[in-house]
Amino acid sequence: MSISSLTITKPDDWHVHLRDGEMLMQVAKYTARQFGRAIIMPNLKTPVTTVAIASAYRDRILAATKDYSDFKPLMTAYLTDTIDPKEIIKGHEEGVFTAVKLYPENATTNSSHGVSDIKKVYPVLDALQKIGMPLLVHGEVVSDDIDIFDREAVCIDRVMKPLLKDMPELKVVFEHITTKDAADFVIGEKRVGATITAHHLQINRNDILVGGIKPHFYCLPVAKRELHRLALRKAATSGHEKFFLGTDTAPHSIHNKENACGCAGIFTAPNALEHYVQVFDEENALDKFEAFASLNGPAFYGLPINKGQIRLEKESQQVSKVIGQGELSVLPYKADETIGWRLGVD
């Protein structure tokens, strides 16, 4: 049956990098115009480790999204080896921290302050499980002896399984999963959910490497083999309550992407919902899109669903070629390409 539009409960984005300063002012609107809420990543150059830092950052985000007054940023704390559990509990009680983010040390952008050994943060994780606060895990083990394409699978065995055994009440989000291994693991664990990005549903490692290196398709965790992409599409479009939308939109200026050591990150925010719904359309699963985009995330986090709605129209459009100017120039995901859906405007 042909469909020309789709109306769903207003969705949320459960994994967003908004950066700070001028870049924040430039990119935040793209998230706010589509989503009711967004989980804001804390890996700024000065990491978000205290309630005061998080509150100030939230104020800057609200200023950058003032034209979208219904948008609510949900702040996260950056987990370090030395962070005080009392600070996390304070942030939770004051309604500042929604979750805590675990980056392995040096795993991705601005992660040099990340966790060197998960056992060092067990006091914090114990506090989380007692107050019911989710831990968001960048699921990679970073070591010279581990192939970059195996980092996620190794993380399941070395980190995730022992963690869940030691912390039986801890609620965990396996962030931006990229493998069949991770999808299968999430389904088998009752206290684990997972975000899936639009780009990991659409590209595999060939798209990055064949015919010349494509720096704007480079992200961490890196896209994997085609069998993993297909497994992610199956998981996302299944309607399973464990999987929900998290773009991991991560803007970098063009000059920081197109150089000898290009930064990891894909800027999907301008057309995030259109990219996702295209996948669901291709998989004949448009009836499952609302659950993935709007319902499963709030259920996992224990939050109410949004009251409003958005409409997506099956209408072709061309993605912007470049956003911003000079040092702020950013290339959106699938820049200058034609995509088949458009966010409706009432």
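The structure we're discussing is the one just above.
Residues numbered from 1 in each chain as written. Predicted model: local features only at pLDDT ≥ 70, side-chain atom pairs only at ≥ 80, totals over all residues. Heavy atoms only, no water.

Let's talk about helix α4 (residues 122–131)
When α4 is considered as a whole, its buried residues turn out to be Tyr 122, Val 124, Leu 125, Ala 127, Leu 128 and Gln 129. If you follow the buried residues of α4, they end up packed against α3 (85–93), β5 (97–102), β6 (135–137) and α5 (151–166). With its phi angle positive at about 75°, Gly 132 sits one or two positions after the end of α4. (Buried < 20%, exposed > 50% of the residue type's maximum accessible area, 1.4 Å probe, protein only. Helix = DSSP H or I, 4+ residues; strand = E, 2+ residues; numbered from the N terminus. Contact = heavy atoms within 4.5 Å.)

Remarks on the packing of α3 against α4
For the pair α3 and α4, the least separation of the axes is 9 Å and the interaxial angle reads 25°. The orientation of α3 with respect to α4, classified from their angle, is roughly parallel. With respect to the hand of their crossing, α3 and α4 are arranged in right-handed fashion. The residues of α4 that touch α3, namely those facing Pro 85, Ile 88, Ile 89 and His 92, are Pro 123, Val 124, Ala 127, Leu 128 and Ile 131. Tallied by class, the residues present in the contact of α3 with α4 amount to eight nonpolar, one polar and no charged. (Axes fitted to C-alpha atoms, helices over the stretch in contact; angles between N-to-C directions. Parallel < 35°, antiparallel > 145°, perpendicular 65-115°, else oblique. Left-handed = near helix turned anticlockwise from the far one by under 90°. Nonpolar A, V, L, I, M, F, W, Y, C, P; charged D, E, K, R; others polar.)

Concerning the sheet that holds strand β7 (residues 172–174)
As summarised here, the arrangement of the eight strands in space is β2-β3-β4-β5-β6-β7-β8-β9, forming an open sheet in which the pairing is parallel. Looking at the sheet topology across the chains shown, the edges are occupied by β2 (13–16) and β9 (243–245). Averaged over all adjacent pairs, the angle separating strand axes in this sheet is 30°, with direction ignored. Here β7 pairs with strand β8 (residues 192–196) via three bridges, running parallel. Counterpart to Val 173 in the pairing with β8 is Gly 193. Relative to β5, α3 is tilted by about 145°, and along the sheet it contacts β4 (72–78) and β5. (Pairing = 2+ DSSP bridges.)

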